[in-house]
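Structural overview
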Amino acid sequence: MKSKRKLGSTYGRKIGSMLLIMLMVSLAAKAQDSLSVSPKPTSPAVEKANERCHCISDSVFQSVQLGVVPGISTNCYLKNPQTVNDLSFNLLIGKVYGVRYLELGGLLNMDESDVSHVQLAGIGNSVGGDFKGVQSSGIVNTAHSVKGVQHAGVINYVKGPVVGVQHAGVVNLNKGNVTGVQGAGVFNMADSMRGFQQAGVVNRALKVRGMQVAGVLNMASNVKGMQLSGVVNLAHDVHGVQVSGVVNKAKAVKGFQLGVVNIADTVNGASLGLVNIIKHGGYMRWEVSGDEVFPVNVAFRSGVPMLHSILTARIATDNLSNPTWTFGAGLGMSLGRPEKMRFD
């Protein structure tokens, strides 16, 4: 009987010791979890780079792709949606992940990722990633960014930056910056333009570092360079030259304006035209005079004091039934202080 009691107490102590050890291990694990440092959140740029690396690592490279329409191509046998081809030939419409050297399409080329070197299509090219090389189509080209030459019969559309030459028969649309040359038959638009922007009708850019040439209208917020248009130039700040066939308008000009009508808040330089309206620091006055030949002379001066335009009209009254009128235009300079003495 004593031996049974002794044996039971021995088992009880062992079970109690095991429960105590398990409790201590559980508490230690909880303490370690509470003291552990959570990993730092990654930035969106890092996540995007990691995703891009993951996509590249998962890509399959195939030399040649032959296709008719999406779903009927040699890439379908690879069973991998991220197949990158060296050469891609599409009879009608092609849809691939990416191309490294050459892609030709009878109608449309559609690429989810990057394309390099040459891409040609009868109707359109669409690149979801970056394009480097020469991209040409009969109607439309789209890409995330372009480095090289982009030519379309109707429209080019790029979400990001363009470095090189962009030419379209009708419209170029860019949400990013353009560095190089942008030419369109009708309309150009860019976030900022560094280089040469030419359109048959309208150019629009927030910042211009270079030259804008348009048949009708140039629009920009900040210009460092030159605006040349057949009708109107519009800008906020101009460091350079504005030349138009009719109207130049700017907030602040540091340079030169030449047009029929020039409008500005301030001009540090000169504005030359038939009418120059400068809100602050401008020079605008009417003058009436006479002499023995032309007893009535009227002159209108506008611009800045150091250099302004003069319009004149004179009438000879020796024959009142048939008076003689003369008109003239020229340049003038005004020196001195208006409150004391001024020489014109």
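Position labels on residues start from 1 in each chain and follow its written sequence. Where local features are concerned, this predicted model is filtered to residues with pLDDT of at least 70; where side-chain atom pairs are given and counted, the filter is 80 or more; whole-chain, interface and lining totals use all residues. The basis for every side-chain value is the complete set of heavy atoms in the structure, and neither hydrogens nor water enter the calculation.

**Focus: the overall build of the protein**
- Looking only at helices and strands, the protein features two helices and 29 strands.
- Exposure classes here rest on a 1.4 Å probe applied to the protein chains alone. A residue is buried below 20% of its type maximum, exposed above 50%, and partly exposed in between. Across the 344 residues in the protein, those meeting the buried criterion constitute 32%.
- Whether two residues are in contact is decided by their heavy atoms: any pair within 4.5 Å suffices. For the protein, the proportion of contacts with a sequence separation of at least 24, taken over those separated by at least 6, is 9%.
- Carbon and sulfur atoms make up 66% of the accessible area of the protein, which totals about 19500 Å². Only DSSP runs of H or I reaching four residues or more are called helices, and only runs of E reaching two or more are called strands; each is numbered from the N terminus. Calculation of accessible area relied on Shrake-Rupley with a 1.4 Å probe; when residues are assessed, cover is drawn exclusively from the protein chains displayed.

**With respect to the nonpolar core**
- Among the nonpolar cores identified, the biggest contains 24 residues, and Val223, Val238, Val253 and Val267 are the most heavily contacted of them.
- When residues of this core are traced back to their parent elements, those giving at least two are β16 (187-199), β17 (202-214), β18 (217-229), β19 (232-244), β20 (247-258) and β21 (261-267).
- Leaving out residues up to four positions away in the same chain, Val223 has contacts with Val208, Ala235, Asp237, Val238 and His239. As used here, the term nonpolar core means buried Ala, Val, Leu, Ile, Met, Phe, Trp, Tyr and Cys residues forming a set that is joined through side-chain atoms within 4.5 Å.

**A look at the environment of Leu173**
- One can find Leu173 in strand β14 (residues 171-174).
- Overall, the relative accessible area of 22% leaves Leu173 in the partly exposed class.
- Residues contacting Leu173, with those up to four places away along its chain left out, are Ile155, Asn156, Tyr157, Val158, Phe187 and Met189.

**A closer look at the side chain of Ser137**
- Tracing the sequence through the fold places Ser137 in strand β9 (residues 130-137).
- The exposure class assigned to Ser137 is buried, which follows from its relative accessible area of 5%.
- Residue contacts for Ser137: discarding those within four places in its chain leaves Ala121, Ile123, Gly124, Asn125, His151, Ala152 and Gly153.

**Remarks on the sheet that holds strand β27 (residues 324-332)**
- Strands qualify as paired when DSSP identifies two bridges or more between them. If you walk across this open sheet you meet the four strands as β24-β25-β26-β27, and the pairing is antiparallel. Each having just a single partner strand, β24 (283-289) and β27 make up the two edges of the open sheet. In this sheet, adjacent strand axes meet at a mean angle of 10° when their direction is disregarded.
- With seven bridges connecting them, β24 and strand β25 (residues 296-304) associate as antiparallel partners. Each bridged residue has a counterpart across the sheet, and for Glu287 the counterpart in β25 is Ala299. The convention used is that axes are lines fitted to C-alpha atoms, helices contributing only their stretch in contact, and that angles between N-to-C directions extend from 0 to 180 degrees.

**Concerning the side chain of Asn141**
- With respect to the helices, strands and loops of the structure, Asn141 is situated in strand β10 (residues 140-143).
- Pairing of N or O atoms within 3.5 Å defines a polar contact, subject to two protein rules: one partner must be a possible hydrogen donor and the other a possible acceptor, and residues neighboring in sequence count only if both atoms are side-chain atoms. Looking at Asn141, its side chain comes within polar contact range of the side chain of Ser137, at 3.1 Å.
- In contact with Asn141, not counting residues within four places along its chain, are Asn125, Gln135, Ser136, Gln150, His151, Ala152, Ile155, Asn156 and Tyr157.

**Regarding the pairing of β20**
- Two elements, β19 and β20, share 10 bridges in a ladder whose sense is parallel. Each residue of the ladder has a partner; that of Gln242, found in β20, is Gln257.
- Judged from the three bridges that link them, β20 and strand β22 (residues 270-272) form a sheet pairing that is parallel. Looking at the pairing, Phe256 lines up with Ala270 of β22.

**Description of the pairing of strand β5 (residues 98-105)**
- With six bridges connecting them, strand β3 (residues 83-90) and β5 associate as parallel partners. Within β5, the residue paired with Asn90 across the bridge is Gly105.
- Looking at chain direction, β5 and strand β7 (residues 115-121) are connected through five bridges and run parallel. When the bridges of β7 are listed, Val99 appears paired with Val115.

**Side note on unusual backbone geometry**
- With a phi angle near 75°, His117 is a residue other than glycine that sits in the positive phi range.
- Locating His117 in the fold gives a position in strand β7.

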